[in-house]
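# Summary of the model geometry
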Amino acid sequence: MAKALKAGDKVSWKTSQGKTEGKVVRKQTSPTKIKGHEVQASKDNPQYIVESAKTGARAAHKAGALSKTS
């Protein structure tokens, strides 16, 4: 079962540099591009657009890759 995340939720995720924290910007349910990368999101396979608290960079992640923080 997918996690119930919404815009503004604080989350963390793993990167090659270690753990990163930020917030959910929106739930993406259609294909889009972020920094030239194709995001293959759909209603059956949504992804979450997240923004890093440190750099402000945005990325797309599946719900399973995100951990809700307080």
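Please refer to the structure placed before this passage.
Cut-offs used in this document
- Residues numbered from 1 in each chain as written.
- Predicted model: local features only at pLDDT ≥ 70, side-chain atom pairs only at ≥ 80, totals over all residues.
- Heavy atoms only, no water.
- Pairing = 2+ DSSP bridges.
- Helix = DSSP H or I, 4+ residues; strand = E, 2+ residues; numbered from the N terminus.
- Salt bridge = Lys/Arg side-chain N within 4 Å of Asp/Glu carboxyl O.
- Buried < 20%, exposed > 50% of the residue type's maximum accessible area, 1.4 Å probe, protein only.

Glancing now at the sheet that holds strand S5 (residues 47-52). Taken in spatial order, the five strands of this open sheet run S6-S5-S2-S1-S7, and their pairing is antiparallel. Here the strands that pair on one side only, and so sit at the sheet edges, are strand S6 (58-61) and strand S7 (67-68). Of the pairings in the sheet, the one linking strand S1 (residues 10-15) to S7 comprises two bridges and is antiparallel in character. Considered in S7, the bridge of Ser12 is made with Ser67.

What follows is about the pattern of salt bridges. Close approach of charged atoms allows side chains of opposite charge to pair. Tallied over the full model, the rule gives four salt bridges. A salt bridge links Lys6 to Asp9, with the shortest nitrogen-to-oxygen separation between them at 3.2 Å. In this structure Lys6 comes out as exposed when scored by relative accessible area, which is 54%. For Asp9, a relative accessible area of 9% translates into the label buried.

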